[in-house]
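Residue-level structural notes
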Amino acid sequence: MTTEMSSTEDIIGRKEIDDLGAILSVVGTEESDGRHVVHSDYDSIFTWDYEKGARPKLNKLYEKAKNAQWNGETDLPWETDVDQEKLVIEAAAAQGGHAVGFDISGTPLEKWTDKEWVAFGVESQNWTLSQFLHGEQGALICTAKIVESVPWIDAKYYASTQVMDEARHVEVFAKYLDEKLSGHYAVNAHLRMLLDDIIADSRWDMTYLGMQIMIEGLALAAFGFMHSMTPDPLLKKLLRYVMADEARHVAFGVLSLQEYYADLSTAELRERQEFAFEAAVRMRDRFLQQEVWDRMGVDPKAILPVVLSAPDRTEFQALLFSKIVPNCRKLGLLDAADGWLRTKFTELGVIEFESAVDTSEEYDAMAAVPPTQRELV
Ligand SMILES: [Fe+2]
Ligand SMILES: [Fe+2]
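Everything in this summary refers to the structure shown in the same document. (Residues numbered from 1 in each chain as written. Chains lettered and ligands numbered in written order. Predicted model: local features only at pLDDT ≥ 70, side-chain atom pairs only at ≥ 80, totals over all residues. Heavy atoms only, no water.)

Things to note about the overall build of the chain
Broken down by element type, the chain carries 16 helices and zero strands. For the chain, the C-alpha radius of gyration of 21 Å lies close to 21 Å, the compact-globule estimate for 377 residues. Expressed as lengths along the three principal axes of its C-alpha atoms, the size of the chain is roughly 65 × 50 × 45 Å. With 377 residues in all, the chain has 55% of them scored as buried. Nonlocal contacts in the chain, meaning residues at least 24 apart in sequence, comprise 84% of its contacts between residues at least 6 apart. Carbon and sulfur atoms make up 52% of the accessible area of the chain, which totals about 16700 Å². (Helix = DSSP H or I, 4+ residues; strand = E, 2+ residues; numbered from the N terminus. Rg over C-alpha atoms; globule rule 2.2 N^0.38 Å. Buried < 20%, exposed > 50% of the residue type's maximum accessible area, 1.4 Å probe, protein only. Contact = heavy atoms within 4.5 Å. Areas by Shrake-Rupley, 256 points an atom, 1.4 Å probe, with all protein chains shown as cover.)

Observations regarding the coordination of the iron ion (ligand 1)
Taken together, Glu136 (OE), Glu166 (OE), His169 (ND1) and Glu246 (OE) make up the protein donors of the iron ion (ligand 1), found 2.0 to 2.2 Å from the metal. Coordination geometry of the iron ion (ligand 1): the four donor atoms subtend angles of 85 to 143° at the metal centre, consistent with an arrangement described as irregular. For the iron ion (ligand 1), the donor residues sit on a single chain with the sequence spacing E-x29-E-x2-H-x76-E. Between the iron ion (ligand 1) and the iron ion (ligand 2) the interatomic distance amounts to 3.0 Å, and Glu166 serves as a bridging ligand to the pair. Here His169 is found in helix α6 (residues 153-180), whereas its partner Glu246 is found in helix α9 (residues 233-261), with 77 residues between them in sequence. Neither residue differs from the other here; His169 and Glu246 are each classed as buried. (Donors = N, O, S within 2.8 Å, 3.2 Å for Na, K, Ca; no water. Tetrahedral: all angles 85-135°; square planar, octahedral: opposite > 155°, others 65-115°.)

A look at the packing of helix α3 (residues 56-67) against α9
Running from N to C, α3 and α9 cross one another at 165°; their axes reach a closest spacing of 10 Å. The orientation of α3 relative to α9 falls into the category roughly antiparallel. In this structure, α3 meets α9 at a crossing whose hand is left-handed. Contacts between α3 and α9 involve Lys57, Leu58, Leu61 and Ala65 on the former and, on the latter, Arg248, Ala251, Phe252, Leu255 and Ser256. A breakdown of the residues in the contact of α3 with α9 according to their chemical character gives six nonpolar, one polar and two charged. (Axes fitted to C-alpha atoms, helices over the stretch in contact; angles between N-to-C directions. Parallel < 35°, antiparallel > 145°, perpendicular 65-115°, else oblique. Left-handed = near helix turned anticlockwise from the far one by under 90°. Nonpolar A, V, L, I, M, F, W, Y, C, P; charged D, E, K, R; others polar.)

Comments concerning the coordination of the iron ion (ligand 2)
Taken together, the protein ligands of the iron ion (ligand 2) are Glu166 (OE), Glu216 (OE), Glu246 (OE) and His249 (ND1), with distances of 1.8 to 2.2 Å. For the iron ion (ligand 2), all donor residues lie on one chain, and their spacing in sequence is E-x49-E-x29-E-x2-H.

Focus on the pattern of salt bridges
Throughout the structure, instances matching the rule amount to 29 salt bridges. As a salt-bridge pair, Asp201 and Arg203 come within 2.9 Å of each other at their nearest N and O atoms. Since its relative accessible area comes to 25%, Arg203 is described here as partly exposed. Glu271 is paired through a salt bridge with Arg272; the nearest N and O atoms lie 4.0 Å apart. Each member of the pair, Glu271 together with Arg272, is buried. (Salt bridge = Lys/Arg side-chain N within 4 Å of Asp/Glu carboxyl O.)

Quick notes on helix α4 (residues 84-94)
For α4, the full list of buried residues reads Gln84, Leu87, Val88 and Ala92. Looking straight down α4, one finds its buried side chains confined to an arc of 135°; they lie on one side. Facing away from the buried side of α4 by over 90 degrees, the exposed positions are Ala93 and Ala94. In this fold, the buried residues of α4 make contact with α5 (114-149) and α6. Positive phi appears at Gly96, one or two residues downstream of α4, with a value of about 90°. (Arc of directions from axis to C-beta.)

Observations concerning unusual backbone geometry
Its identity as a non-glycine residue notwithstanding, Gln289 has a phi of 40°, on the positive side. Positive phi is not limited to glycine here, since Ala337 has a value of about 50°. Assignment of secondary structure puts Ala337 in helix α15 (residues 336-347). A relative accessible area of 18% means that Ala337 is categorised as buried.

Some points on the packing of aromatic side chains
The description of two aromatic rings rests on the distance between their centres and on the angle between their planes. Taken as a whole and assessed by the stated rule, the structure comprises 20 aromatic pairs. Here Phe287 and Phe316 contribute two aromatic rings whose centre-to-centre distance is 6.0 Å and whose plane-to-plane angle is 70°, an arrangement assigned as edge-to-face. Here Phe287 is found in the loop between α10 (266-286) and α11 (290-295), whereas its partner Phe316 is found in helix α13 (residues 311-319), with 29 residues between them in sequence. Just as Phe287 is buried, Phe316 falls in that class too. One Lys or Arg, Lys145, reaches over the ring of Tyr42 and ends 4.8 Å from the middle of that ring. Just above the ring of Phe277 sits the side chain of Lys344; from NZ or CZ to the centre is 5.1 Å. (Phe/Tyr/Trp six-rings, centres within 6.5 Å; stacked < 30°, edge-to-face > 60°. Lys NZ or Arg CZ within 6 Å of the ring centre and 35° of its normal.)

Here you go:
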């Protein structure tokens, strides 16, 4: 195991976190045969210790997951009519206009009429849901890998329920995109880079850290944000069900890694900190939605500095990390190695959430109502 300390450039491929030119130079591609292959070399572990409940918190999570299964085909109101343009117009009216919070004078957006703004809103939603969909497939693959590679029976049991959850999430996001929205986007290059790194790593705890703590932690916050904003009752209910599952998934990551990280050396923890930082930067980069600006015919380099300078934007970016930061604190990752990750999260402007409640404490409160009375708020 390496004990070399890496620089920011070693970890994320650029010296400055906010180097927009470098971020935008990473462009996505999609394979012509419709498949993306990631090689992974890792140990599949059998355990002969079948004692159920040796890890009581994981066992409790497993029992809860068995009772919280839902059916993507029959539990959601798919008959709901979704008028995407009307929803974009309603959402804009609710916040007082299309370009609230940033100054578009002197930019290509200055000449936009309502028609372009509505088209942008529609594309932005197509893009966001497409990225959720690709992330869900990443979760499906990562969690199937955890079933094989984690050495504890309680964790294998729980992870197998998560595999089913993720299949359902892929299924419902794909259906919503196909039946209710108006276009797909390929996986964002930054998200894909992160998924590839997580899947290629041979160490089972890195799968958990990258997926359960970082990607799913961010997804939980992003789904929560969209759940509170969307006027579409179908999407609201879909997100509410998915969030209940995701809260368990993040708790699974925290409860498993807490035990494992307690025995790691400072050098080993520093490697985990670096991986968490890399994941945080990749996810921040992906939220620039550069592909949407391209599709709207606007050079992302010309408009993103304006978008990013809006005060709301900083707040939104920070909010996305509201689950990740307290969970990293719970795992001891903020303060290990002289607080290296605390410094990095401070640079990213997200450290304010460190005292928020961690997901291993709050997942129960996020549960959906029991399956017998599946009426969700
Ligand atoms: Fe999921
Ligand atoms: Fe998940």
